[in-house]
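Summary of the model geometry
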Amino acid sequence: MTPKVSVILCTYNGEKYLREQIDSILAQTYPVSELILQDDGSTDATVDICRDYAERFPQVSFHRNEKNLGFNLNFKSAAMRATGDLVAISDQDDVWFAQKISRQVEAIGQHDICFSTHTRGSDPEHAHIVSPQYALEALLFSGFAGHTMLLRCDFIQDERNWIPHIHYDWSLGICAQMGRGIVRVEEPLNWHRMNDDSACANEMKMFGKHNKPKPTYEPYLQGWGNYRRLQLTENWQRLYHIIYEGTRRPELQTAHRMAGLMLSRSPLALLQLCWLCMKHRRKIYPNGGQGGLKGMIRGFFYPFIFAYDNIQYDLI
């Protein structure tokens, strides 16, 4: 039986690029059974654009939140409306390539999530390919883009897979790797448009991290202090307790051990974590790390590099 695919697209003041994204979804070679547009209190023309598409296309529905939920809860609320067998997540300012859904439906198999590489940049001509790490050991530190995901409906609508107070796509990735797993299509299937109005850019502005110069030596010297600070946060403790308890299977023993070390305040535990990051750097470090002594050093200090300037645990 051909699986039905729902697409959820959450909006907030996205009038500038929204039509181009919706058009790319409706132009998919694989039929989209429903496109759910859900707005989170836009004050520009976004609502008018959404209503226009809902009126013209029977597979498009539009919903508007009574109050602003923030992008995490907006996506969760929209996901619970889906009726398809599979659910694809869409940002409001990207562009999907025509074969995106088709390639992912072919590849997902029995996995909870299928995602793909994607291109990222301010325009297609200058975009570069992004191939994020997705082993559970890598997901201990950060997630990968929700706008690349196709998920099983029973998985995305399971409340247990929405860990509170972290980015929704990070939570879904972690829970999938503790469940039926993740598969990646090694082909860029959408263009992630970088712009100053994106949700990521606005979050960086909120925490004063926007357009900061790229650090050099600072993470190695200052990352330790922020790592210790992050360990004291409730979000940190909640997240790694969930991972620690959910990775007791033998095939997840490395992630289980690392999560336990991340819960410990012992200096020895931190040294052991650094050693494990160095040992497994090719599947933990972004872009696979690097070979030689330089790669080993970066792998060893990855907990400090990851903790430096980190705002992932500050979400409330």
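Shown above is the structure to which this text applies.
Presented here is an overview of the structure given in this document. Model, not experiment: these values are computed from the prediction.

Strand order in the open sheet made by the four strands is 5-11-7-8, with mixed pairing throughout. Looking at the sheet topology across the chains shown, the edges are occupied by strand 5 (95-96) and strand 8 (128-130). Pairing between strand 5 and strand 11 (residues 190-193): two bridges, direction antiparallel. Note on strand 11: the bridge partner recorded for valine 95 is tryptophan 191.

Inspection of every chain in the model, using the stated rule, returns 19 aromatic pairs. Plain terms: the ring middles of tyrosine 227 and tryptophan 236 are 5.2 Å apart, the flat faces sit at 85 degrees to each other, and that makes the pair edge-to-face. Note on accessibility: tyrosine 227 and tryptophan 236 belong to one class, buried. An aromatic cluster is present here, built from Phe141, Trp170, Tyr227, Trp236, Tyr240, Tyr285, Tyr302, Phe306 and Tyr313 joined pairwise through their rings. A cation sits over an aromatic face here: arginine 56 above tyrosine 53, 4.9 Å from the ring centre.

Before going further, it helps to spend a moment on the side chain of aspartate 112. Note that aspartate 112 resides in the loop between helix 4 (100-108) and strand 6 (113-116). Ignoring sequence-local partners within four residues, the contact set of aspartate 112 consists of Leu150, Leu151, Arg152, Phe155, Ala176, Gly179, Arg180 and Gly181.

Let us now look at the sheet that holds strand 9 (residues 150-152). A sheet is described by the order of its strands in space; here seven strands give the open sequence 3-2-1-4-9-6-10, paired in mixed fashion. In this open sheet, the two edge strands, each paired with only one partner strand, are strand 3 (60-64) and strand 10 (182-185). The sheet shows a mean angle of 20 degrees between the axes of neighbouring strands, direction not considered. In this structure, strand 2 (residues 34-39) lies alongside strand 3, joined through five bridges in parallel fashion.

This part takes up the pairing of strand 2. The buried fraction of strand 2 amounts to six of the six residues, a majority that puts the element mostly inside the structure. Judged by which residues are buried, strand 2 turns out to be covered on both faces: Glu34, Ile36 and Gln38 on one side and Leu35, Leu37 and Asp39 on the other are all buried. One ladder, built from six bridges, connects strand 1 (residues 5-11) with strand 2; its direction is parallel. Residue pairing for strand 2: leucine 9 is matched across the bridge by leucine 37. Read as a crossover between parallel neighbours, the route from strand 1 over helix 1 (residues 18-26) to strand 2 is right-handed. At this point the chain moves from strand 2, through helix 2 (residues 46-56), to the parallel strand 3, and the crossover so formed is right-handed.

Time to look at helix 11 (residues 253-263). The complete set of buried residues in helix 11 reads Ala255, His256, Met258, Ala259, Leu261, Met262 and Leu263. Contacts made by the buried residues of helix 11 are with helix 5 (136-139), helix 9 (218-231), helix 10 (234-246), helix 12 (267-279), helix 13 (281-284) and helix 15 (302-307).

Our focus in this paragraph is the packing of helix 11 against helix 12. Close contact between helix 11 and helix 12 brings their axes to 8 Å; oriented N to C, the two are set at 145 degrees. Pair helix 11 / helix 12 crosses with left-handed handedness. Packed against helix 11, whose contacting residues are Arg257, Met258, Leu261 and Met262, the element helix 12 presents Ala269, Gln272, Leu273, Leu276 and Cys277 at the interface. Across the contact of helix 11 with helix 12, the residue classes tally to seven nonpolar, one polar and one charged.

What you tend to see is this: most non-glycine residues have negative phi, and most peptide bonds are trans. A positive phi is found at asparagine 13, a non-glycine position, where the angle reads about 50 degrees. Mapped onto the fold, asparagine 13 is located in the loop between strand 1 and helix 1. When its relative accessible area of 29% is taken as the criterion, asparagine 13 is described as partly exposed. Positive phi, close to 60 degrees, is recorded for aspartate 309, a residue that is not glycine. One can find aspartate 309 in the segment after helix 15. A residue is classified by how much of its surface remains accessible, and aspartate 309, at 30% relative accessible area, is partly exposed.

The rules behind these values
Residues numbered from 1 in each chain as written. Predicted model: local features only at pLDDT ≥ 70, side-chain atom pairs only at ≥ 80, totals over all residues. Heavy atoms only, no water. Pairing = 2+ DSSP bridges. Helix = DSSP H or I, 4+ residues; strand = E, 2+ residues; numbered from the N terminus. Phe/Tyr/Trp six-rings, centres within 6.5 Å; stacked < 30°, edge-to-face > 60°. Buried < 20%, exposed > 50% of the residue type's maximum accessible area, 1.4 Å probe, protein only. Lys NZ or Arg CZ within 6 Å of the ring centre and 35° of its normal. Contact = heavy atoms within 4.5 Å. Axes fitted to C-alpha atoms, helices over the stretch in contact; angles between N-to-C directions. Right-handed = clockwise from strand over helix to strand, strands pointing away. Left-handed = near helix turned anticlockwise from the far one by under 90°. Nonpolar A, V, L, I, M, F, W, Y, C, P; charged D, E, K, R; others polar.

Honestly, that's just the spatial picture; any functional story needs more than this.
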